[in-house]
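Coordinates in review
Residues per chain are reported as follows:
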Amino acid sequence: MTATFAEYIKEKKVLCDGGFGTYYGAMTGSEEPCERANLEHPELVKKIHKEYIQAGAEFIRTNTFAANKHILSGSDEYLMEIVKAGFRLAKEAVKEAKEEAGGECDKPVFVGADIGPIPADRVADEKSRQAEYLKVCGAFLEEGADIFVFETFSNLDEILPVIQTIKKENPQIFVIVQFCMNQFGYSNAGLSARRLLTEAGNVDEIDAAGFNCGVGPGHLFKIMEKQNLAIGKFITAFPNAGYPQMIQSRMVFLDNEEYFVDKGYDIAGLHVDMLGGCCGT
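What you are looking at is a predicted structure, and each value in this text was computed from that prediction instead of being measured. (Residues numbered from 1 in each chain as written. Predicted model: local features only at pLDDT ≥ 70, side-chain atom pairs only at ≥ 80, totals over all residues. Heavy atoms only, no water.)

1. Section: the overall build of the protein chain
- When its secondary structure is counted, the protein chain shows 10 helices and 10 strands.
- Expressed along its principal axes, the backbone C-alpha trace of the protein chain runs to roughly 50 × 45 × 45 Å.
- For the protein chain, with 281 residues in total, the buried portion stands at 50%.
- In the protein chain, 76% of the contacts between residues at least 6 apart in sequence involve partners at least 24 apart.
- By element, 50% of the accessible surface of the protein chain is carried by carbon and sulfur atoms, the whole surface being about 13300 Å². (Helix = DSSP H or I, 4+ residues; strand = E, 2+ residues; numbered from the N terminus. Buried < 20%, exposed > 50% of the residue type's maximum accessible area, 1.4 Å probe, protein only. Contact = heavy atoms within 4.5 Å. Areas by Shrake-Rupley, 256 points an atom, 1.4 Å probe, with all protein chains shown as cover.)

Here it is in structure tokens:
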């Protein structure tokens, strides 16, 4: 019988996937939101997921980070189809990757339902944003999602009621919350990494907490080594590849695999339970 993710992560560190949007953009040259590809280019979405799995990822996130009507135009029905397709494609990618490995991939690969922040400047009403999050979560739940990743958030205020609602609906859901920091260890809301970790540690409905995006692996290591990571939750770290540069009018992350790997080992040594990557990885 396959272990649940909660059981699996108690036994070992979990290697996760990397950035989807920047990789999709590099492959296609497209500046369109990659989430539309769930309906328009499903095989390409699965290809990216499978490449991460083949590279060793035991945890992948759905291609749904910006799947909300305030970033993607269209009807509610269209949005929900993007969300549901994103989950189905990730699950199919896991199955196909295992089949293509011919029995050589005997480890479990878990799928996290990925949810990014709805821009507050586009929707002034917090209640409306929370209602949108709940719609997206509802679509994931209909597809059978049992791991939720809320990432790149600057505080807990807006998503906490959402997390509490879905956890009440299904107490077995595993909830991951990741905050976005700048190089000085503060979020866009002006909250310190220390405060955000402490707040997450005090929420029963959160199972894992940490950081993603915002900074490269070197700066994230410096931020995390100053923190008390013993907050009673599993700890996550998903740094960017580094910092993008403008090349021919496009923001590009330069190759720095060796540096990322070296700093990844350093971060893993801080008792981090889940290690992956964000933009540019």
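2. With respect to helix H5 (residues 76–100)
- In this model, H5 (25 residues) spans 36 Å end to end at C-alpha, consistent with the 36 Å of a helix rising 1.5 Å per residue.
- Where H5 ends, the next residue or the one after it, glycine 102, has phi of about 60 degrees, a positive value. (Expected span 1.5 Å × (residues − 1).)

3. Thoughts on the sheet that holds strand S10 (residues 274–275)
- Strand order in the open sheet formed by eight strands is S1-S10-S7-S6-S5-S4-S3-S2, and the pairing between neighbours is parallel. Two strands in the sheet have a free side with no partner beyond their single neighbour: strand S1 (14–15) and strand S2 (59–61).
- Contacting strand S6 (208–212) and strand S7 (234–238), helix H9 (residues 217–225) crosses the sheet at an angle of about 155 degrees to S7. (Pairing = 2+ DSSP bridges. Axes fitted to C-alpha atoms, helices over the stretch in contact; angles between N-to-C directions.)

4. A few points about the pattern of salt bridges
- Overall, the coordinates contain 20 salt bridges when judged by the stated rule.
- One salt bridge in this structure joins glutamate 58 and lysine 12, with 2.5 Å as the shortest N-O distance. Residue glutamate 58 is found in the loop between helix H4 (42–54) and S2, and its partner lysine 12 is found in the loop between helix H1 (5–11) and S1; the two are separated by 46 residues along the sequence.
- Accessibility expressed as a relative area gives 5% for glutamate 58, which makes it buried.
- Here aspartate 207 ties to lysine 167 by a salt bridge, and the two come within 2.6 Å at their closest N and O atoms. Pair noted here: aspartate 207 is in the loop between helix H8 (193–201) and S6 and lysine 167 is in helix H7 (residues 160–169), with a separation of 40 residues, a long-range link. (Salt bridge = Lys/Arg side-chain N within 4 Å of Asp/Glu carboxyl O.)

5. Details of unusual backbone geometry
- Even without being a glycine, threonine 152 presents a positive backbone phi close to 70 degrees.
- Assignment of secondary structure puts threonine 152 in strand S4 (residues 147–153).
- For threonine 152, a relative accessible area of 18% gives the class buried.
- Backbone geometry at cysteine 213 places phi at a positive 65 degrees, although glycine is not the residue there.

6. Regarding the packing of aromatic side chains
- Under the defined criterion, the tally for this structure stands at 11 aromatic pairs.
- Measuring from centroid to centroid gives 6.0 Å for phenylalanine 140 and phenylalanine 148, while their planes differ by 90 degrees, and the two rings are edge-to-face.
- A ring pair is formed by phenylalanine 148 and phenylalanine 150, whose centres lie 6.5 Å apart and whose planes are at 20 degrees; its orientation type is stacked.
- Owing to a relative accessible area of 0%, phenylalanine 148 belongs among the buried residues under this scheme. (Phe/Tyr/Trp six-rings, centres within 6.5 Å; stacked < 30°, edge-to-face > 60°.)

7. Topic: the environment of lysine 47
- When you line up the elements, lysine 47 lands in helix H4.
- Taking C-alpha positions, lysine 47 is 9.8 Å from alanine 90, a pair spaced 43 residues apart along the chain.

8. Observations concerning the side chain of histidine 49
- Relative to the helices and strands, histidine 49 is located in helix H4.
- We classify histidine 49 as buried; its relative accessible area is 0%.

9. Description of the pairing of S4
- With seven of its seven residues buried, S4 lies for the most part within the structure.
- Looking at chain direction, strand S3 (residues 110–115) and S4 are connected through three bridges and run parallel. Note that in S4 the partner of alanine 113 across the bridge is phenylalanine 148.
- A crossover links S4 with its parallel partner strand S5 (residues 174–179), the connecting element being H7, and its sense is right-handed. (Right-handed = clockwise from strand over helix to strand, strands pointing away.)

10. Quick notes on the pairing of S3
- Counting buried positions along S3 gives six out of six residues, so the element sits mostly inside the fold.
- Alternating positions in S3 separate into two faces, Phe110, Gly112 and Asp114 on one and Val111, Ala113 and Ile115 on the other, with burial throughout.
- In this sheet, S3 lies alongside S2 in parallel orientation, the contact comprising three bridges. Within the sheet, the bridge partner assigned to arginine 61 lies in S3 and is glycine 112.

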